[in-house]
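An overview of the molecular structure
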Amino acid sequence: MSNVRTIAKNTTSLLVAEGISQVLRVVYFAVLVRYIQAEGMGKISTAQALVTILYVLVTFGFEQLMVRDVAGARQKAASYVSNVAFLRLFLSILFSLGLWGLVQAFGYPAELAIITYIYGFAFVVKAFTDVGLAVYQAFEVMEYNLLIRVVRDLVNIGLSLLAIALQYSLIVIVGVTALANIVEMVLTFALLRRRGLPFRFQVDLGLARRLLIMALPFAVVSVYPLAHSQLNTLILSATSTIENVGWFASPSTLIGMAMLIPAVFMRAVFPVFSRYSQRSAGALQTTYQKSFTYLLILGLAVSVGTFLTAGRLIPLVFGEGFEESVPVLQILAWQPIFGFVGHVNGNLLIATGREKFFMVSEGLFAGLYALLGFTLVPLMGIIGAAIAVVAPTAVGFFFYSIYCHRVLGLALPWKRILAATVAALLMAVAVYSALQLGVNFFAIVLLIAPAIYAAALALLGVLSREDVSLLKQALRLH
């Protein structure tokens, strides 16, 4: 199978899985928020924020290290699985002790404490699942991720909706997440055995020690995104009401769902980056350029569309009582423009062995996120929290894009960026006009906006004939 077909197959598998999951999640999320309201959403977000920040102790960047190394030498898979699982068992104990200590130190009420502990257990289970999923990614067989993801979400969402229908407590609903993660882990390793991976739990202390050292830069880098995704939630929970946490976390969750698009795309492309970085500089340049362009186009569409429709989107998804979330979403809407391409740049740096540079630069950006968070959130509340998320992401977009293009000996495609921006502005005019005329919301989002944007991209030459040809080839997956 050609490289384009391989990337297309894997991207399509992941996008299908993510698409199904996102549809299910949006429906579930809308039902859940209406049931638990802003206060309940604030409790969930506070618990998730604390657990996610500590979760780095368990993940430690092993997934990216596994994918990078196993993609080029598949015989390493079995030994890497055994030793990473062993390391995660040890790190999980440290994680559990740290989580208990912080919950006690913060003086969480009983319900919030229990919810936090359940999420902690669920995340630990997921950490072991991700070891198996990293093998699928390295082997570039993403259809397994599709099956596992869909099964997990069906269990989680189905049982959660049943719990809501029976009016069970928030603790029970969160407990369903832990159960779904257990199902996901069992299925992941069952499929690994069926695929024939010679998995035996054999610990090599020397290899485990080397893996721990090699993963350290990846672990440090993985800490930094938490500064903008979770730190503001914790600051809000300490300086404001639980309702304000919910009003901030709800639109943040919507943007977080959108940010899964580039994450899914790059899970398919990252192994290709890793192979090309060792074998073909020209192919690496081409793959990077295409990835940069496609995610820039998608990011522009998502940002402009979300900003214009925020006033309709919030009540549609969350119902009444979330009016305060509208201006937050209008600010956070601009994160995809910069964040989508950020996934391309970050994965390129790691694939080409520049994780130490990435670790240092991301550390500086994390400091900027933290500085803005601790400054703006107490002064401006949820609006300050939103600004603190978007501003450093915008700076990072320009910094990393310029640097990565120079690393590959490429010029930054300013003309294409400008043309894509003009296409997005034309789409914005069409969307705004349609909203003012009272056109059906779903017709605008699903028909008018995509049609205008695609036509503008074609007329302005943002997508070349080669891009169209690659798209047609990508669709021939049989």
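Conventions we followed
Residues numbered from 1 in each chain as written. Predicted model: local features only at pLDDT ≥ 70, side-chain atom pairs only at ≥ 80, totals over all residues. Heavy atoms only, no water. Helix = DSSP H or I, 4+ residues; strand = E, 2+ residues; numbered from the N terminus. Buried < 20%, exposed > 50% of the residue type's maximum accessible area, 1.4 Å probe, protein only. Contact = heavy atoms within 4.5 Å. Axes fitted to C-alpha atoms, helices over the stretch in contact; angles between N-to-C directions. Parallel < 35°, antiparallel > 145°, perpendicular 65-115°, else oblique. Left-handed = near helix turned anticlockwise from the far one by under 90°. Core = buried A, V, L, I, M, F, W, Y, C linked by side-chain atoms within 4.5 Å. Salt bridge = Lys/Arg side-chain N within 4 Å of Asp/Glu carboxyl O. Phe/Tyr/Trp six-rings, centres within 6.5 Å; stacked < 30°, edge-to-face > 60°. pLDDT = per-residue confidence, 0-100. Expected span 1.5 Å × (residues − 1). Bend = angle between axes of the 7 residues up to and from the residue. Nonpolar A, V, L, I, M, F, W, Y, C, P; charged D, E, K, R; others polar.

Looking only at helices and strands, the protein features 17 helices and zero strands. Within the protein, the proportion of its 478 residues that are buried is 53%. Of the contacts formed within the protein by residues at least 6 apart in sequence, a portion of 84% connects residues at least 24 apart.

What follows concerns the packing of helix α11 (residues 281-318) against helix α15 (residues 414-436). Where α11 contacts α15, the axes come no closer than 10 Å and their chain directions differ by 25°. It follows that α11 is roughly parallel to α15 by the angle criterion. Seen along the crossing, α11 lies across α15 with a hand that is right-handed. Judged by residue contacts, F292, T293, L296, L300, A301, V304, G305, L308, T309 and R312 of α11 engage R416, I417, A420, T421, A424, M427, A428, V431, Y432 and L435 from α15.

This brings us to the nonpolar core. In this structure, F248, F273 and Y288 are the most contacted members of the largest nonpolar core, which totals 146 residues. The greatest single-element share of this core, amounting to 17 residues, is contributed by helix α4 (residues 110-139). Once residues lying within four places of it in the same chain are set aside, the contact partners of Y288 are F273, V344, N345, L348, S401, C404, H405, L408 and L410.

Located in the positive-phi region is Q37, a residue other than glycine, with phi close to 60°. Mapping Q37 onto the fold places it in helix α1 (residues 3-59). On the basis of relative accessibility, which here comes to 37%, the residue Q37 falls in the partly exposed class. A positive phi angle, close to 60°, is found at Q167, a residue other than glycine. Structurally, the position occupied by Q167 is in the loop between α5 (143-165) and α6 (170-195).

A few words now on the pattern of salt bridges. Applying the stated rule across the entire model yields four salt bridges. Note that E111 and K43 form a salt bridge whose closest N and O atoms lie 2.7 Å from each other. Linking E111 in helix α4 with K43 in helix α1, this pair joins segments that are 68 residues apart in sequence. Taking the shortest distance from any N to any O, the salt bridge between R152 and D153 comes out at 3.3 Å. Residue D153 is classed as buried on the basis of its relative accessible area, which comes to 1%. Through salt bridges with shared partners, a single ionic network connects E39, K43 and E111.

On to the environment of F441, then. Mapping F441 onto the fold places it in helix α16 (residues 441-459). Residue F441 is classed as buried on the basis of its relative accessible area of 13%. Sequence-wise, F441 and V431 are ten residues apart; in three dimensions their C-alpha atoms are separated by 9.6 Å. What F441 contacts, discounting residues up to four positions off in sequence, is T309, R312, L313 and L316.

Next up on the list: the packing of aromatic side chains. Across all of its chains, the model carries 15 aromatic pairs by this definition. Their ring planes at 55° and their centres at 5.9 Å tell us that F365 and F399 sit as a pair that is tilted. Judged by its relative accessible area of 35%, F399 is partly exposed. With a centroid separation of 5.7 Å and 80° between ring planes, the pair formed by F441 and F442 is classed as edge-to-face. These aromatic residues form a ring-pair network of at least three members: F357, F358, F365, F399, Y400 and Y403.

Chain-level pLDDT for the protein is 84 on average; 89% of the residues reach the 70-or-more range. Looking across the protein, the model is least confident in helix α17 (residues 465-475), with a mean pLDDT of 58, and most confident in helix α12 (residues 325-332), with 95. When the criterion is pLDDT under 50, residues 474-478 qualifies, and its contacts beyond four places in sequence or with other chains add up to seven contacts.

An ideal rise of 1.5 Å per residue puts 28 Å on 20 residues; helix α10 (residues 260-279) measures up with 29 Å between its terminal C-alpha atoms. Along its length, α10 reaches its greatest deviation from straightness, about 35°, at A268, and the proline P271 lies no more than four positions downstream. Across the 20 residues that make up α10, a large majority, 14, are buried.

Relative to the helices and strands, N345 is located in helix α13 (residues 335-351). With near-sequence residues (within four places) excluded, N345 lies in contact with Y288, F292, F397, Y400, S401 and C404.

Relative to the helices and strands, I173 is located in helix α6. Setting aside residues up to four positions removed in sequence, I173 forms contacts with Y28, L32, Y35, S160, A163, I164 and Y168.

For the rest of this paragraph, the subject is the packing of helix α9 (residues 242-258) against α12. Where α9 meets α12, the closest approach of the two axes is 9 Å, and the angle between their N-to-C directions is 35°. In terms of crossing hand, the pair formed by α9 and α12 is right-handed. Two secondary-structure elements touch here, α9 through W247, F248, P251, S252, L254 and I255 and α12 through S325, V328, L329 and L332. Here the residues of the contact of α9 with α12 are counted per class, giving eight nonpolar, two polar and no charged.

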